[in-house]
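What the coordinates show
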Amino acid sequence: MTLRPDLRVIADHIEPGARVLDVGCGEGTLMAALRDGKGVDARGLEIDPLNVAAAVARGLSVVQGDADVDLADYPDGGFDYAILSQTLQTTRAPDRVLDELLRIGRRAFVSFPNFAHWRVRASLLWGGRMPVTRLLPERWYDTPNIHHLTVDDFRAHLDDRGVTAERAWFLARGRRTRPAAANLLAEHAVFLLRL
Amino acid sequence: MARACLASIPPTMSSDRRFGPSRTVTLSGPLRLDGGATLAPVEIAYETYGTLAADASNAVLVCHALTGDQHVASEHPRTGKPGWWTRMVGPGKPVDTSRHFVICANVLGSCMGSSGPASADPATGRPYAMRFPVITIRDMVRAQGMLLDHLGVARLAAVVGGSMGGMQALSWAATYPDRVRAAVVIASTARHTAQNIAFHEVGRQAVMADPNWRGGDYYDREPPAAGLAVARMAAHITYLSEAGLTEKFGRKLQARDAKSFGFDADFQVESYLRHQGLSFVDRFDANSYLYITRAMDYFDLAEEHGGRLADAFRGTATRFCVVSFDTDWLYPTAESRGVVHALNAAGAAASFVELSSPFGHDAFLLESPELSRVVDGFLRSVA
């Protein structure tokens, strides 16, 4: 099974047998890969009922719910990893969602599209329009992304909250890119966090 | 141990009289009830479908709702109607009788062959009527546990139920965690709310206000049909959604062009409810209705576990699939979410989905490709 590049990074860095909560798990692609490849005990939270039905039909344990509201239902430290892939920018209160992830999981993987990628910058600078790119394909009025952020925004937020980034990976066109100029060159960022 | 012996000798299904449609067994008991009384003997009417595997690993118990019965996938002997859940149970269906050994038993307190108020009290030889002990959902589950012992099923692959059947599924998982690998809980709740109790009380009072009820001793006379019909009419409203009623009936008149300025069933919805009430009394015992609604009203799984619902599932290895419907106002999604919250807190493997349907609480009995898909996928992953 081919995983999206950011999911591949996450899947490669979770040890076999870990307990994982995938927040915004969609149809459970990552969960299924972790279960089948590494015997991971994976649970999911997903807002779209059709996606939940598809995930349950794959034999996955997925609860329909909203990351902004329903993470409060999970006990402290119940999971080795809480995963939030490509979902942070869609939440109403991303800061609180991050706090919840780090409460529920001993570590958290967070991936998001970098709004400071040079294509996005160029599009805004030269076009004067909200960027519509490969990774941000929706227009301003129909995008689910309501809290755009950049790699540097995220790093600054981690500093403010005293959250440790154990590792970070940066991706462009599906390949790893250098951390040095990540805020300009990375389309995607994946962070491994702990308190 | 009788159970171990049964499990080690594969039963020959064709010759084993324990298996098949329209079975009844008299278990000596005694069954100790939550209310303090004991019941002996315990009669259970049940059906089985499919073949029990040699290691008895493929048994699925289907639990029925308030007015349901053991005829989950076979013709009802009194009404001639097909089984009440043929959409869910049968060859190639989510509860697949070609893979699963399916058991459905009439609940304790009911009137389709299991011990209930219409059964003969061994002390007098006459119907128990209101001398039948008050029972709980957990008592129903314990009786089913005795039936499984009789059938040689130590552990269920799954227990599946909607509405009151879902309450039994939850109670099964809480009472016998080692006997349930998976539980499917559809359009259900872990406790009856004040509103749930209130609607049931309207129904019970309608029965008891019928002069034919006579304190429950009507078995050799006219039954309290009018009271039971009103109870059914009131309850039936709670099974449907406002939008569903509007779509089906609106304000349409029944076989007339104008209002009668009288109290006939002018409106189609009135005629429909009267029909629902009248057809119900032909197949159901009024006292059973009192006992089973009481059992549902007493149901509060958290209360049975020190007030914390999560403690009902502490350390469980059972996998759960919880489904609600968005227009169900009898057991709304919030109740299912409460169950899921508790399961999460207990660290249980739980799935939950709220499905969309215009049909209210009754949706679980109706055609729903999404429900079938979810239950099918879940059961394939566990059984």
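To be clear, the structure that these remarks concern was listed above.
The present account deals with the structure reproduced in this document. (Residues numbered from 1 in each chain as written. Chains lettered and ligands numbered in written order. Predicted model: local features only at pLDDT ≥ 70, side-chain atom pairs only at ≥ 80, totals over all residues. Heavy atoms only, no water.)

**Digging into the pattern of salt bridges**
Residues and elements named next belong to chain B. One pass over the full model with this rule turns up 35 salt bridges over all chains. A salt bridge links Asp34 to Arg138; the nearest nitrogen and oxygen atoms lie 3.1 Å apart. Of this pair, Asp34 sits in the loop between β2 (31–32) and β3 (38–39) while Arg138 sits in helix α2 (residues 137–151), and the two are 104 residues apart along the sequence. (Salt bridge = Lys/Arg side-chain N within 4 Å of Asp/Glu carboxyl O. Helix = DSSP H or I, 4+ residues; strand = E, 2+ residues; numbered from the N terminus.)

**Structural notes on the packing of aromatic side chains**
Taken as a whole, this structure holds 21 aromatic pairs over all chains when the rule is applied. Plain terms: the ring middles of Phe112(A) and Phe191(A) are 6.1 Å apart, the flat faces sit at 5 degrees to each other, and that makes the pair stacked. Highlighted residues: Phe112(A) in strand β5 (residues 105–113) and Phe191(A) in strand β8 (residues 188–194), separated in sequence by 79 residues. Using a relative accessible area of 2% as the deciding quantity, one classes Phe191(A) as buried. Considering the side-chain rings of Phe313(B) and Phe320(B), the 5.3 Å spacing of their centres and the 70 degrees angle between planes classify their relative orientation as edge-to-face. The class of Phe320(B) is buried, set by a relative accessible area of 0%. Cluster of aromatic residues (ring-pair linked, three or more members): Phe112(A), Phe154(A), Phe170(A) and Phe191(A). When the ring centre of Phe79(A) is taken as origin, the NZ or CZ atom of Arg19(A), which lies over that ring, is 4.8 Å away. (Phe/Tyr/Trp six-rings, centres within 6.5 Å; stacked < 30°, edge-to-face > 60°. Buried < 20%, exposed > 50% of the residue type's maximum accessible area, 1.4 Å probe, protein only. Lys NZ or Arg CZ within 6 Å of the ring centre and 35° of its normal.)

**Points about the interface of chain A and chain B**
In this assembly, 19 residues from chain A lie in contact with 21 residues from chain B. Here chain A packs against chain B, burying approximately 1600 Å² in sum over the two surfaces, 50% of which is carbon and sulfur. It is Val56(A), Gln64(A) and Asp73(A) in chain A that bury the most area against chain B; as a group they hold 30% of the surface buried on that side. Joining chain A to chain B, the criterion identifies one salt bridge. Counting every contact that joins chain A to chain B gives twelve residue pairs in polar contact (both at pLDDT 80 or more). Those elements giving two or more residues to the side of chain A that touches chain B turn out to be α3 (49–57) and β3 (61–64) of chain A. The element contributing the most residues to the side of chain A that touches chain B is α3(A), with seven residues. (Contact = heavy atoms within 4.5 Å. Buried area = accessible area lost by both parts, 1.4 Å probe. Polar contact = N/O pair within 3.5 Å; in protein donor to acceptor, adjacent residues only side chain to side chain.)

**Things to note about the environment of Gly262(B)**
Mapping Gly262(B) onto the fold places it in the loop between α6 (242–248) and α7 (268–281). Between the C-alpha atom of Gly262(B) and that of Ala183(B), which follows or precedes it by 79 residues, the distance is 50 Å.

**Looking at the packing of helix α4 (residues 194–209) of chain B against helix α5 (residues 225–239) of chain B**
All names here are of chain B. It is the contact of α4 with α5, at a shortest axis distance of 7 Å, that shows an interaxial angle of 165 degrees. With respect to α5, the element α4 is oriented roughly antiparallel. Judged by the sense of rotation from one axis to the other, the crossing of α4 with α5 is right-handed. In contact with Phe199, Val202, Gly203, Ala206 and Val207 of α4, α5 contributes Gly227, Leu228, Val230, Ala231, Ala234 and Thr238. Of the residues that constitute the contact of α4 with α5, the class distribution is eight nonpolar, three polar and no charged. (Axes fitted to C-alpha atoms, helices over the stretch in contact; angles between N-to-C directions. Parallel < 35°, antiparallel > 145°, perpendicular 65-115°, else oblique. Left-handed = near helix turned anticlockwise from the far one by under 90°. Nonpolar A, V, L, I, M, F, W, Y, C, P; charged D, E, K, R; others polar.)

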